[in-house]
Amino acid sequence: MAEPVLQAVNLWRSYQRGSETIHALAGFSLAIEPGEMVAIVGRSGSGKTTFLNQVGCLDRPTKGKIIIGGTDVTALPERDLIAFRRDEIGFIFQLFYLLPTLTVAENVALPALFARRKDPRRVKELCEQVGLADRLHALPGTLDGGEMQRVAIARALVNRPRLLLADEPTGRLERRSRDVILGIFDELKQDGLGVIVATHDLEQAGRCDRQIELRDGTLQS
Amino acid sequence: MNASDYIVEATGLEKRYRVHGRDIPAVRGIDLAVAAGEFVVLLGPSGAGKTTTLNMLGCLDKPAAGRLTVADNLVSGDGVRVSEARLDALRREHVGFVFSDFHLLPTLTAVENVALPLLWQDRRGDEWACELMTRVGLGHRLSHRPNELSGGEMQRVAIARALVNRPSLLLADEPTGNLDTRTRDEILHLLQELNGEGLTILLATHDRDLTDYAARVLHIQDGLLKEV
C-alpha cells in the first residue's frame, strides 16, 4: 500500500487568553492517502483554519505529530520547514493573494522561482489546465474572481506538491465561477496528490472522497 | 526644466471602460508631470479616476489616448504601440506600487515578500531586502509571516517590497485606506522620510488629511484634474 500523504496524529494547538487556555485543536488525527480529497467542514471557529495552518507548516502544534510523505515535519528546524513547505505543499486561499503588478504567468511561476527553478513550460501547462492559456500575460486586475482563483490553483501546483490545502476556495465566487473551480478540483484527484479542502460549500464537500466535521477542535462523530 | 527632469509626463491622457456595451470615460484628458524628487498627492473622491490614472502612469494599464513618458521612455502617443512585454519591463524597472490591500503572500516571511520582485529578475538580493526591512523599521520582524504582523507593519513590508527594485517612482494608491489614523500618520511620516532621501512619490487618496504631507496637491474629479 502506498505511503500516506499525510498523517496527523493527536494534534493539539492551545493558546493562552489571560488565565484561560483555549484549545483550537484538541487531539485531532487524520490520515490522507495519495489521490484522496478530504473535506473539512465545521462552523467558523471550529478549528479548520488552525488545522490547515498546522499541516501546512505555517504554524507548529502545541502537541502531536505531523508526517508528510514520510517526513516528520514537527521535528524539522525552521529553515528546513520553510523549504519543505515550499516544495511539498500547495496553498489556495479564499482571497487568492495574487500580486497585482505581476502577470498571470509571473504569479504562477513565483513558488518555482523561490525554489530556484525556472520552468516556463510547466507554467504554461498549468495555465492551460485551469483554462487560462490565452491569459498568460494578463494582469490580475483584468480578471474576474474565478479566473483569479484559477491562477492561484495553478500557482499552488507549480512545484508539484504532495499535499494541496485549500481554505474556502469558493467562498468569494459567484455560481458560474464556482462551478468551474469545482470542476478543476475534481480533475486534481487524478494527479495523485492529497487534497484537503476546508469549506462551507456543501456541494464541494459532497464531491470529496470523505467529509470530516470539526467541532471545538476535535473530530465530530 | 529639461524633459529628463520629469519622471512621468502625461498630456491629454484618456481611458474609457466598456460597461454593458457603453463606453464610460474614466479619465478624460489629463495633463500631469511629476519631477524627480517630488511628493505629489492626487486627491479626489471615490470614482474620480485616481486608480485609473495611477495604473496608466505605472504601466499597469494602457491609455486610450494621450502621450505618456515614464523615466524618459515613451509609453503611449506619437503613434507608438508599446508591447505588453515592454510595459512589464518598464513597470518592473521604474515603478514601485503600494496598495491599500497590502498584497503580501501569506505563506512567505516578511523578508521573502520584500525580495519577491527580485526573484523574477534572477536576482536574490536577500541582504538588500533585509536592509530595506530595517529601513522601514522592521529589522526585528524579518522572519514573521504576514498574519503575525499588524496592518501598519504589513504596509511597511509592502513599501519595502515596492522599493526593492530601486524604482524611479513610487505610486501609492490609498496606502492608508486600511489603517487607523495613528498608523496612517506613521506610514505618511515614513513616506515623507523616503521622499527626503530622494524618492519620487505620487500618492492617490480621498483623505484630505494626507495633503499635509505633500509639497503639491492635484485635485481630480470626474476624470479631470481641477485647478484649485
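Quick note: structure is the one above.
On a predicted model such as this, the values are computed, not experimentally measured, just so you know. (Residues numbered from 1 in each chain as written. Chains lettered and ligands numbered in written order. Predicted model: local features only at pLDDT ≥ 70, side-chain atom pairs only at ≥ 80, totals over all residues. Heavy atoms only, no water.)

**So, the side chain of Arg161 of chain B**
Residue and element names in this part refer to chain B. Looking at the secondary structure, you find Arg161 in helix 5 (residues 151-163). Among buried Asp, Glu, Lys and Arg side chains, Arg161 stands out as unpaired, with Asp101 the closest opposite charge at 11 Å. A polar atom in the side chain of Arg161 sits 3.1 Å from the backbone oxygen of Phe102. (Helix = DSSP H or I, 4+ residues; strand = E, 2+ residues; numbered from the N terminus. Buried < 20%, exposed > 50% of the residue type's maximum accessible area, 1.4 Å probe, protein only. Lys, Arg positive; Asp, Glu negative; His and termini not counted. Salt bridge = Lys/Arg side-chain N within 4 Å of Asp/Glu carboxyl O. Polar contact = N/O pair within 3.5 Å; in protein donor to acceptor, adjacent residues only side chain to side chain.)

**Description of the environment of Leu105 of chain B**
One can find Leu105 of chain B in the loop between strand 7 (95-99) and helix 3 (110-119). Among the residues examined, Leu105 of chain B registers a relative accessible area of 7% and is labelled buried. With near-sequence residues (within four places) excluded, Leu105 of chain B lies in contact with Tyr97, Leu99, Leu110 and Arg155 of chain A together with Asn113, Leu116 and Pro146 of chain B. (Contact = heavy atoms within 4.5 Å.)

**Some remarks on the environment of Leu68 of chain B**
Residue and element names in this part refer to chain B. Tracing the backbone shows Leu68 in strand 4 (residues 65-70). On the accessibility criterion, Leu68 (0% relative accessible area) is buried. For the pair Leu68 and Met56, spaced twelve residues apart in sequence, the C-alpha to C-alpha distance is 8.6 Å. If near-sequence neighbours (up to four positions away) are discounted, Leu68 is found in contact with Glu9, Ala10, Leu13, Met56, Leu57, Pro63, Asn73, Leu74, Val75 and Ser76.

**A few points about the pairing of strand 7 (residues 163-167) of chain A**
All names here are of chain A. Across the five residues that make up strand 7, a large majority, five, are buried. Residues Leu163, Leu165 and Asp167 line one face of strand 7 and the alternating positions Leu164 and Ala166 line the opposite face, and both faces are buried. Here four bridges tie strand 6 (residues 89-92) to strand 7, and the two strands are oriented parallel to one another. The partner of Gly90 across the bridge, within strand 7, is Leu164. Alignment of strand 7 against strand 8 (residues 194-198), held across five bridges, turns out to be parallel. Within the sheet, the bridge partner assigned to Leu163 lies in strand 8 and is Gly194. (Pairing = 2+ DSSP bridges.)

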